[in-house]
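Each chain, written out:
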Amino acid sequence: MHGNGSQRKTLSPQIQAALPLLACLAGNMALAFGPWFVRLADVGPVASGFWRIALAVPFLIALSYAGNRKPFAAVPALWLTLAVSGVAFAADLASWHLGILRTTLANATLFGNSATLMFPIYGFLIARAWPTRSQGTALALAALGAALLLGRSYSLSPKHLAGDLLCLLAGTLYTVYFIMMARAREAMAPLPALAMSSAGSMIPLLLFALALGETIWPTNWGILLGLALASQVLGQGLMIYAIGHLSPLVVGIALLSQPIVAGIVGWFVYHERLGWPDFLGAILVAIALVLVRRGPVASSAGATKSEAEGTV
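In every chain, residue numbers begin from 1 and rise along the written sequence. It should be noted that, the model being predicted, local features are given only for residues of pLDDT at least 70 and side-chain atom pairs only at 80 or more, the latter also being counted only at that level, while totals for whole chains, interfaces and linings use all residues. To get the side-chain values, all heavy atoms of the structure are used, and hydrogens and water are removed first.

## Notes on the overall build of the chain
Moving on, step 1. Across its full length, the chain carries 15 helices and zero strands.
Moving on, step 2. Each of the 312 residues in the chain was classed as buried or not, and the buried ones make up 51%.
Moving on, step 3. Pairs at least 24 residues apart make up 90% of the contacts formed inside the chain by residues separated by at least 6 positions.
Moving on, step 4. The accessible surface values rely on the Shrake-Rupley method and a 1.4 Å probe; as for residues, cover is taken only from the protein chains in view. Carbon and sulfur atoms provide 71% of the accessible area of the chain, an area that totals close to 14,500 Å². Secondary structure elements are defined from DSSP: runs of H or I of at least 4 residues count as helices, runs of E of at least 2 residues count as strands, and each element is numbered from the N terminus. Only protein chains enter the area calculation, which uses a 1.4 Å probe; residues under 20% of their type maximum are buried, those over 50% are exposed, and those in between are partly exposed. Contact between two residues is taken to exist if any of their heavy atoms lie within 4.5 Å; hydrogens are not considered.

Pasting the structure below:
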């Protein structure tokens, strides 16, 4: 703990303020590779979600103890919050992974990140305030950027309807997961909170995969290990850290960086060329992030408390 305090003193206020946003963007970049790993895996889509969690939990627990002798001391008081977050995340992964194989990557990215709008709305409801002019402008630019990013490849059709609905459900459940983890971050550091929530999602995912009759045991462990490390350890780890310091609006808009990275992956892997609307959409999302960080943005519930107690 003393080491953390000394490190903070050596960082300028500007760097300290920028770290959560950088972590949020980096986390989204790592998460954007998730659909690619799911499609490459030689197990069922829900089973790949189970292995994403099962392989990541030992890393998360080890990292939790590396930074704190008693990282899970607050768990008994938060067991219900962590349990709900774990089940919500399990349902999110299951529905999203099923949807990824039943619709286009563009649709899956769009609907799977519907928390872009839902989580900021939750933040405004908690604050009991309408968005400011700057925040409203940022949301509008982000929405326009998302439309440009996905507009050329987005399509609704009976063929994709089931996958679209599954991904929309996943986005809703992802919002519930964010809300629960923001509450957990009031009393816990990010890695222990993520470790406990992840552990709570393992059994539901395994039972659902078995109920669907999916192939559970893989032959190519490298893909699943990459999914676990990139998406759960790095991606979710950085995101859970970020939501303890950023407002739901900033987190919501930052989620739009995932389609940008997914588009780049599609360009190089599947030869899906990007056009000027894609680049313009990325620029609008970047402008929205700058706008929303310029003004006084209230941190999410518990951010101030977390910093005061030194839980990060």
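## What to know about the packing of aromatic side chains
Moving on, step 1. The aromatic pairing rule takes the rings of Phe, Tyr and Trp, using the six-membered ring of Trp, and pairs them if the centres are within 6.5 Å, calling planes under 30 degrees apart stacked, those over 60 edge-to-face and the rest tilted. Taken as a whole and assessed by the stated rule, the structure comprises twelve aromatic pairs.
Moving on, step 2. For the pair Tyr174 and Phe178, a centre-to-centre distance of 4.5 Å together with 35° between the ring planes defines the contact as tilted. Taken together, the residues Tyr174 and Phe178, both in helix H9 (residues 161-184) and four residues apart, mark about one turn of the helix. Exposure class is identical for Tyr174 and Phe178. Each is buried.
Moving on, step 3. The structure contains a cluster of three or more aromatic residues connected by ring pairs, namely Phe89, Phe119, Tyr174, Tyr177 and Phe178.

## Some points on helix H10 (residues 190-211)
Moving on, step 1. Under the convention used throughout, the expected extent of a helix is 1.5 Å for every residue step, that is, one less than its residue count. In this model, H10 (22 residues) spans 32 Å end to end at C-alpha, consistent with the 32 Å of a helix rising 1.5 Å per residue.
Moving on, step 2. Here H10 has its buried residues at Pro190, Pro192, Ala193, Leu194, Ala195, Ser197, Ser198, Ser201, Leu205 and Ala209.
Moving on, step 3. Looking at the buried side of H10, the elements it contacts are helix H4 (45-67), helix H5 (75-100), H9 and helix H11 (221-243).
Moving on, step 4. Following H10 by one or two positions, Gly213 adopts a phi angle in the positive range, close to 70°.

## Description of the environment of Leu40
Moving on, step 1. Along the chain, Leu40 falls in helix H3 (residues 34-40).
Moving on, step 2. Exposure remark for Leu40: the relative accessible area of 41% places this residue in the partly exposed category.

## Describing a nonpolar patch on the surface
Moving on, step 1. Patch definition: residues above 30% relative accessible area lacking any salt bridge, with like charges linked at up to 9 Å and the nonpolar side chains Val, Leu, Ile, Met, Phe, Trp and Tyr linked at up to 5 Å. Whenever a carboxyl oxygen of Asp or Glu lies within 4 Å of a side-chain nitrogen of Lys or Arg, that contact is scored as a salt bridge. Among the surface-exposed residues, Phe59, Leu63, Leu225 and Leu229 lie close enough to one another that they form a single nonpolar patch of about 320 Å² accessible area.
Moving on, step 2. Sorting the residues of the nonpolar patch by element identifies H4 and H11 as the ones contributing at least two each.

## A short note on the packing of H4 against H10
Moving on, step 1. Axis definition: a line fitted to C-alpha atoms, over the contacting stretch in the case of helices. Angles run 0 to 180 degrees between N-to-C directions. Two elements in contact, H4 and H10, have axes whose closest approach is 8 Å; the angle formed by their N-to-C orientations is 155°. Classified by the angle their axes make, H4 and H10 are roughly antiparallel. Once H4 is placed against H10, the crossing between them reads as left-handed. Residues Val46, Ala47, Gly49, Phe50, Ile53, Ala54, Val57, Leu60, Ile61, Leu63 and Ser64 of H4 lie in contact with H10, whose contacting residues are Leu191, Pro192, Leu194, Ala195, Ser198, Ala199, Ser201, Met202, Leu205, Leu206, Phe208 and Ala209.
Moving on, step 2. Side-chain classes follow a simple rule in which Ala, Val, Leu, Ile, Met, Phe, Trp, Tyr, Cys and Pro form the nonpolar group, Asp, Glu, Lys and Arg form the charged group, and the remainder, Gly included, forms the polar group. Of the residues in the contact of H4 with H10, the class split is 19 nonpolar, four polar and no charged. Each angle is binned into one of four classes, with values under 35 degrees roughly parallel, values over 145 roughly antiparallel, values of 65 to 115 roughly perpendicular, and all other values oblique. For any helix crossing, the convention is left-handed if the near helix is rotated counterclockwise from the far helix by under a right angle, and right-handed if that rotation is clockwise.

## Let's talk about the confidence of the model for the chain
Low pLDDT means the predicted coordinates in that region are not meant to be read closely.
Moving on, step 1. Residues at a pLDDT of 70 or more form 81% of the chain, whose mean pLDDT is 81.
Moving on, step 2. Each residue gets a pLDDT score, which is the predictor's confidence in that residue and runs from 0 to 100. Put simply, helix H15 (residues 303-309) is where the chain has its lowest mean pLDDT, 37, and H10 is where it has its highest, 95.
Moving on, step 3. For the stretch residues 1-8, pLDDT sits under 50, and the model shows six contacts to residues farther than four places along the chain or on other chains.
Moving on, step 4. Across residues 295-312, confidence stays below pLDDT 50; counting only partners more than four residues off in sequence or on other chains, it has 40 contacts.

## Describing the nonpolar core
Moving on, step 1. Within this scheme, the nonpolar core is defined by two criteria: the residues are buried Ala, Val, Leu, Ile, Met, Phe, Trp, Tyr or Cys, and they are joined through side-chain atoms within 4.5 Å. In this structure, Trp51, Tyr174, Tyr177, Phe178, Leu205 and Ile253 are the most contacted members of the largest nonpolar core, which totals 70 residues.
Moving on, step 2. Once you skip the residues sitting within four places of it in the chain, Tyr177 turns out to touch Ser85, Ala88, Phe89, Leu194, Ser197, Gln236 and Ile240.
Moving on, step 3. If you look at the next biggest cluster of nonpolar residues, it comprises six residues, including Ile100, Ala108, Cys167 and Ala170.

## Some points on the environment of Thr175
Moving on, step 1. With respect to the secondary-structure elements, Thr175 resides in helix H9.
Moving on, step 2. Look at Thr175 and you get buried, because its relative accessible area is 6%.
Moving on, step 3. Excluding its chain neighbours within four sequence positions, the residues that come into contact with Thr175 are Ala115, Met118 and Phe119.
Moving on, step 4. For this analysis, a polar contact is any N or O atom pair within 3.5 Å, provided that within protein one partner can donate a hydrogen and the other can accept it, and provided that sequence-adjacent residues contribute only side-chain to side-chain pairs. Here the side chain of Thr175 touches Gly171 through a polar contact of 3.0 Å, landing on its backbone oxygen.

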